[in-house]
Amino acid sequence: VDALDPSDVALCDASRLYKAFDCIQRLAVNAKVLLAARVKESGTWKEAGARSAAEHLAKLGGTTTSEARRALETSERVAGLPAITDALQGGVFSAAQVEAIAGAAAAPSAEDRLIALAASTNVTELREECLRTTAAADPARDATPRPINATRCLRSFSARWGARNPAVRGPPAPIAQISPPLET
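The structure presented is a predicted model; accordingly, all values stated were derived computationally and were not measured. (Residues numbered from 1 in each chain as written. Predicted model: local features only at pLDDT ≥ 70, side-chain atom pairs only at ≥ 80, totals over all residues. Heavy atoms only, no water.)

When helices and strands are counted, the protein shows ten helices and two strands. If you list the helices and strands of the protein from N to C, you get α-α-α-α-α-α-α-α-α-β-β-α. The C-alpha atoms of the protein give a radius of gyration of 20 Å, which is well past the 16 Å a tight globule of 184 residues would have. Its C-alpha atoms give the protein principal-axis dimensions of roughly 55 × 45 × 40 Å. The buried share among the 184 residues of the protein stands at 26%. Long-range contacts, defined as pairs at least 24 residues apart, comprise 44% of the intrachain contacts of the protein with a sequence gap of at least 6. Carbon and sulfur atoms form 57% of the exposed surface of the protein, whose accessible area is close to 12600 Å². Positive and negative side-chain charges in the protein, numbering 22 and 21 respectively, have mean positions lying 9 Å apart. (Helix = DSSP H or I, 4+ residues; strand = E, 2+ residues; numbered from the N terminus. Rg over C-alpha atoms; globule rule 2.2 N^0.38 Å. Buried < 20%, exposed > 50% of the residue type's maximum accessible area, 1.4 Å probe, protein only. Contact = heavy atoms within 4.5 Å. Areas by Shrake-Rupley, 256 points an atom, 1.4 Å probe, with all protein chains shown as cover. Lys, Arg positive; Asp, Glu negative; His and termini not counted. Charge placed at Lys NZ, Arg CZ, Asp CG, Glu CD.)

The structure is reproduced here in structure tokens:
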């Protein structure tokens, strides 16, 4: 990469070269997912003086502790999911895709379907399908509204040029009622 000058790359080769680097990145991300739980298990994070394995992974990777915690959770979720592990070893997923799939793939017979979906759709649609898959596999679906109601909230924050941004969490039906006017 130290010799890479983007202006020297022929325009007809730019996409191919970009894709090659994306493949390298996916392999590296997928290897990190596979290894994160093993780093926790090793206990080296304690020797390094970190308060948690996630904090240690964050320092190693130059990320936030919350991002490292999500990576660690993903790593622990994919353990024991052979089709997901094979896909990871093949560099199939981006970081966003594996994070979306990890929780939902534990549902019976969801692994292969979600892997195929990751290859044919965008991350937003993949996340939505993963959420539907997880909800459909929930054995306590009737009790689900209770924790949703317990964590419902409305927050707003200021953004660039004074714009207000709402963040809403709650049951699907009331959120569906307020969404259309906000989306116009």
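The next subject is the confidence of the model for the protein. This prediction gives the protein a mean pLDDT of 88; 95% of its residues lie at or above 70. For the protein, per-element mean pLDDT is lowest for helix α9 (residues 145-150), which scores 71, and highest for helix α3 (residues 53-61), which scores 96. (pLDDT = per-residue confidence, 0-100.)

Next up on the list: the packing of helix α5 (residues 82-89) against helix α7 (residues 111-120). Where α5 meets α7, the axes come as close as 8 Å, and the angle between the chain directions of the two elements is 30°. Taken together, the axes of α5 and α7 lie roughly parallel to each other. The handedness of the crossing between α5 and α7 comes out as right-handed. Contacts between α5 and α7 pair Pro82, Ala83, Ile84 and Ala87 from the former with Glu111, Asp112 and Ile115 from the latter. Considered class by class, the residues forming the contact of α5 with α7 number five nonpolar, no polar and two charged. (Axes fitted to C-alpha atoms, helices over the stretch in contact; angles between N-to-C directions. Parallel < 35°, antiparallel > 145°, perpendicular 65-115°, else oblique. Left-handed = near helix turned anticlockwise from the far one by under 90°. Nonpolar A, V, L, I, M, F, W, Y, C, P; charged D, E, K, R; others polar.)

For the rest of this paragraph, the subject is α5. Taken together, the buried positions of α5 are Ala83, Ile84, Thr85, Ala87 and Leu88. Looking at the buried side of α5, the elements it contacts are α1 (11-42), α4 (65-78), α6 (95-104) and α7. Of the residues flanking the end of α5, it is Gly91, one or two places downstream, whose phi is positive at about 70°.

It is worth spelling out the pairing of strand β1 (residues 153-158) at this point. Of all six residues that make up β1, zero are buried, and the element is exposed over most of its length. Two strands pair when backbone bridges link them, and β1 and strand β2 (residues 164-169) are joined in this way by six bridges, in the antiparallel orientation. By the bridge assignment for β2, Phe157 is matched with Asn165. In sequence, β1 turns back onto β2 through a hairpin of five residues, with Trp161 there showing a positive phi of about 60°. (Pairing = 2+ DSSP bridges.)

Note on backbone geometry: most residues besides glycine have negative phi, and most peptide bonds are trans. Residues other than glycine seldom take positive phi values, yet Trp161 does so here, at roughly 60°. Within the secondary structure, Trp161 is located in the loop between β1 and β2.

Once that is clear, we can look at the packing of α6 against helix α8 (residues 123-137). What describes two packed helices is the angle between their axes and the distance between those same axes. In the contact formed by α6 and α8, the axes pass within 8 Å of each other and the chain directions differ by 10°. Considered as vectors, α6 and α8 are oriented roughly parallel to each other. In this structure, α6 contributes Ala96, Gln97, Ala100, Ile101, Gly103 and Ala104 to the contact, and α8 contributes Val123, Leu126, Arg127, Cys130, Thr133 and Thr134. Counted by class, the contact of α6 with α8 contains seven nonpolar, four polar and one charged residues.

This next bit is on the environment of Ile148. Mapped onto the elements, Ile148 comes out in helix α9. Accessibility expressed as a relative area gives 24% for Ile148, which makes it partly exposed. With 102 residues separating them along the chain, Ile148 and Lys46 place their C-alpha atoms 35 Å apart. Ile148 has contacts with Gly170 and Pro171, leaving out every residue within four places of it along the chain.

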